[in-house]
Amino acid sequence: MSTPPLASGHEGPHALRPLLDTVLEALDTGARARGGPLPAGGPEAVAARTRQAVGDVLPDRGDPHAVRTLVHAFAATAADPAHPLCAAHLHCPPLAVAAAADLAASALNPSMDSWDQAPGASELERLVATALAQEVHPAGTPDSLVTTGGTESNQLALLLAREAHGGSVRLVCGANAHHSLPRAAWLLGLPEPVVVPAPGGTLDPDALDATLTRLSGPLLVAATAGTTDAGLIDPLPEIAAHCAAHGARLHIDAAYGGGLLFSDRHRTRLTGLDAADTVTLDLHKLGWQPVAAGLLAVRDAHDLTALRQRADYLNADDDTEAGLPDLLGRSLRTTRRPDVLKIAVTLKTLGRSGLGALVDQVCAHARQFAALVDAHPDFELHAPPAISTVLFRPTGATDTTVAAVRRALLTDGSAVLGRARLDGRLWLKATLLNPATGPDDLAALLHLAAASRATLVEGHTPR
């Protein structure tokens, strides 16, 4: 058997070109076979189709058609975030330019743990990390680290807070905080977090003030700019003021809402963000990047010294003294992909105005969908959207019916809606991250939810 061609090197592009044609064709035929936002039939049916397509995972003799077969099956059984009726999660449709850049990253395969594995990529990461850190913290000496997303960024924020306070800190967060924050406290061996009430879905600043008054010792307050359930933004200026008054460190989880920074129209919603010591950003949400594309921005780059490590084969002292950049302290990971390339290509291609326009579009779509819900006699709107998430439910329905409506749409393969529990009730959740969504798509999404409810309630017909 001859040696299979490699993706890089002089012959790499020639080897990739026919494979790309095969992959693109399989993506197309797979999407046509799927026919909607996700495959019909539910988990068992999808698993059966996948098993049939894969067959023997590790055959004795290889299959030259495996790329075509498996990519077709992969697309046919996917939940496609680019489909306008796929609107459940903070799961964005990636921009084509970002996906194309990601191919180059995969082909060249730099590893961002030593300069000799990623010479140009290391400088590109430095430039992008600095630029995005300055978006969050325009003054001072900010920096940012590229992460796998909000969960890793939040974990890093707690780690840096712990080290800044000499090895001990207690997390204070709202009841609306992302689950990764208390989980990070557990993982790092920190004390049990103190949870502050979040009536209406946002952290209560008065309750926070009272909590900080009664607590002692080093404290880290975590606020949220864009909750997972409803996209709500905590009152950041008030929270920052209370942290300053009590000497508490402040972290803001802006994994969802951070993308508002690109929009001239919406960035004022993030007033107070620059007061945080650390900020989580996630560009595979309101940044339209392929997973993964997270960042942790820090107001003071000195905080990052806590991550410094030495491994002679990666950052020997004499190499560093001779001028080779030290990358090992830029992450908790060792081997890591050059995710910065797709981010850099997107920022350079679209610019601030282009990204801001996409943010404005999806926020406008959410307002339009909320208006449709509000005007529909068979649905109840939770509240006007804060970013691009809309919560709604059939009028008079029980929580059991709401859950059943969602699952029926998933099983049918016709629409993907999420779920959120707020104010003691279960809501359907539409997270609108597709800039190409049109008015007819929004109307269709609501009609499908009405039709699904009608099949579950005898004698009810959608209007």
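Residues numbered from 1 in each chain as written. Predicted model: local features only at pLDDT ≥ 70, side-chain atom pairs only at ≥ 80, totals over all residues. Heavy atoms only, no water.

### Some words on a nonpolar patch on the surface
Argument step 1. A surface patch of nonpolar side chains, about 320 Å² in accessible area, is lined by Leu20, Leu24, Leu27 and Leu103.
Argument step 2. In terms of residues, the nonpolar patch owes the most to one element, helix 1 (residues 12-34), which gives three residues. (Patch = residues over 30% accessible without salt bridge, like charges linked within 9 Å, V, L, I, M, F, W, Y side chains within 5 Å. Areas by Shrake-Rupley, 256 points an atom, 1.4 Å probe, with all protein chains shown as cover. Salt bridge = Lys/Arg side-chain N within 4 Å of Asp/Glu carboxyl O. Helix = DSSP H or I, 4+ residues; strand = E, 2+ residues; numbered from the N terminus.)

### Some details on the sheet that holds strand 6 (residues 249-253)
Argument step 1. With mixed pairing, seven strands are arranged side by side in an open sheet as 2-8-7-6-5-3-4. Lying at the two open borders of the sheet, with one neighbouring strand each, are strand 2 (143-147) and strand 4 (194-196). Strand after strand, the sheet turns through a mean of 20° between neighbouring axes, direction not considered.
Argument step 2. Where strand 3 (residues 170-174) lies against strand 5 (residues 219-224), four bridges are found, and the strand directions are parallel. In the sheet register, Cys173 faces strand 5, and the bridge partner there is Ala222.
Argument step 3. Contacts from helix 5 (residues 119-136) reach strand 2, strand 7 (278-282) and strand 8 (294-298) within the one sheet, and its direction differs from that of strand 2 by about 115°.
Argument step 4. Across the sheet, helix 8 (residues 205-214) is in contact with strand 3, strand 4 and strand 5; its angle to strand 4 comes to roughly 155°. (Pairing = 2+ DSSP bridges. Axes fitted to C-alpha atoms, helices over the stretch in contact; angles between N-to-C directions. Contact = heavy atoms within 4.5 Å.)

### Side note on the packing of aromatic side chains
Argument step 1. For the coordinates displayed, the defined rule picks out two aromatic pairs.
Argument step 2. On the basis of an interplanar angle of 80° and a centroid distance of 5.3 Å, the ring pair of Phe369 and Phe392 is categorised as edge-to-face. Pair noted here: Phe369 is in helix 12 (residues 340-375) and Phe392 is in strand 10 (residues 389-394), with a separation of 23 residues, a long-range link. Here the two residues Phe369 and Phe392 agree in accessibility, since each one is buried.
Argument step 3. Through a chain of ring-to-ring contacts, three or more aromatic side chains come together here, namely Phe369, Phe379 and Phe392.
Argument step 4. For the cation-ring pair, Arg393 lies above Trp427, with the distance from its terminal atom to the ring centre recorded as 5.7 Å. (Phe/Tyr/Trp six-rings, centres within 6.5 Å; stacked < 30°, edge-to-face > 60°. Buried < 20%, exposed > 50% of the residue type's maximum accessible area, 1.4 Å probe, protein only. Lys NZ or Arg CZ within 6 Å of the ring centre and 35° of its normal.)

### A closer look at the packing of helix 6 (residues 150-164) against helix 7 (residues 180-187)
Argument step 1. Viewed as axis vectors pointing N to C, helix 6 and helix 7 meet at an angle of 50°, and their least axial separation amounts to 9 Å. In terms of their interaxial angle, helix 6 and helix 7 are classed as oblique. For the crossing formed where helix 6 meets helix 7, the hand is right-handed. Residues Gly150, Thr151, Asn154, Gln155 and Leu158 of helix 6 lie in contact with helix 7, whose contacting residues are Ser180, Leu181, Ala184, Ala185 and Leu187.
Argument step 2. Here the contact of helix 6 with helix 7 is composed, by residue class, of five nonpolar, five polar and no charged. (Parallel < 35°, antiparallel > 145°, perpendicular 65-115°, else oblique. Left-handed = near helix turned anticlockwise from the far one by under 90°. Nonpolar A, V, L, I, M, F, W, Y, C, P; charged D, E, K, R; others polar.)

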